[in-house]
Amino acid sequence: MSIAEAKTAATSDDLVFRAPEPEDGKAVWELIRSCGPLDDNSLYCNLLQCDHFADTCILAEKDGEVLGWISAYLPPAEEGVLFIWQVAVSEKARGMGLAGRMLDKLVARKVCRGVRRMKTTITPDNDASWALFRSFARRMEAPIEGEPHFEREAHFGGEHETEVMAEIGPFGALARKAA
Ligand SMILES: CC(C)(COP(=O)(O)OP(=O)(O)OC[C@H]1O[C@@H](n2cnc3c(N)ncnc32)[C@H](O)[C@@H]1OP(=O)(O)O)[C@@H](O)C(=O)NCCC(=O)NCCS
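A. Highlighting the side chain of R109. Turning to its location among the elements, R109 is positioned in the loop between helix 4 (98–107) and strand 6 (117–122). D55 is the oppositely charged side chain nearest to the buried, salt-bridge-free R109, at an N-O distance of 6.3 Å. Polar side-chain contacts of R109 include one of 2.9 Å to the backbone oxygen of D55.

The structure is reproduced here in structure tokens:
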């Protein structure tokens, strides 16, 4: 799917899934601020994601309200990898499959046609996030593995829990086709 197609909005039930535009940056920033334990970003960071990284980011909205958000990018030095930066779903919309649907729609985009693996970092205690990515791995018929990546002392100076790099892939051929 091209950005233009994504923007035309794949509608299912009354949710709209689409690539962001710079004008969405403020709403995305506010959603992330409301979704602990996510780190706050600067508003400028979210504006750049909605602008330069729009083709690998997705939002879900209902009646114009942003309820879900995923920021992601294709790391230049890692062919075939989609790196997921943040996933945020408004408390009132959780547990309804929204985050899973956003992941599925992202990997189905034309820009992700070469993607065979997904990476993300997750803190060990974030059960919801682990469940989300394990569930995605099952749908993609792919293994999931985790190794400490950004460590509490070495990288965060003791200020943040260790982030484990979760790697999902390679995606199963049939699952990839269906995406
Ligand atoms: C993590 C988060 C994005 C999940 O969003 P969601 O839309 O509620 O997730 P989904 O409904 O798509 O659920 C995906 C899977 O995770 C499971 N899951 C969701 N929340 C869970 C929880 N709190 N505990 C255990 N499992 C959970 C679901 O049962 C589902 O599993 P299944 O496909 O096997 O049935 C949401 O809880 C959130 O925004 N949390 C705060 C921010 C955060 O921690 N983000 C992730 C770090 S980047």
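B. Local environment of the pattern of salt bridges. Within the structure shown, the criterion is met by eight salt bridges. In this structure, the salt-bridge partner of K62 is D14, at a minimum N-O distance of 3.6 Å. Residue K62 is located in strand 3 (residues 58–62), and its partner D14 is located in the loop between strand 1 (10–12) and strand 2 (15–18); the two are separated by 48 residues in the primary sequence. Here R18 ties to E61 by a salt bridge, and the two come within 3.0 Å at their closest N and O atoms. A residue pair is termed long-range when its members are at least 10 positions apart, and R18 in strand 2 and E61 in strand 3 qualify at 43 residues. Take R18: its relative accessible area is 12%, and that puts it in the buried class. The exposure class assigned to E61 is buried, which follows from its relative accessible area of 14%.

So, how was this worked out
- Residues numbered from 1 in each chain as written.
- Predicted model: local features only at pLDDT ≥ 70, side-chain atom pairs only at ≥ 80, totals over all residues.
- Heavy atoms only, no water.
- Helix = DSSP H or I, 4+ residues; strand = E, 2+ residues; numbered from the N terminus.
- Buried < 20%, exposed > 50% of the residue type's maximum accessible area, 1.4 Å probe, protein only.
- Lys, Arg positive; Asp, Glu negative; His and termini not counted.
- Salt bridge = Lys/Arg side-chain N within 4 Å of Asp/Glu carboxyl O.
- Polar contact = N/O pair within 3.5 Å; in protein donor to acceptor, adjacent residues only side chain to side chain.

Shape descriptors only; they carry no functional weight alone.
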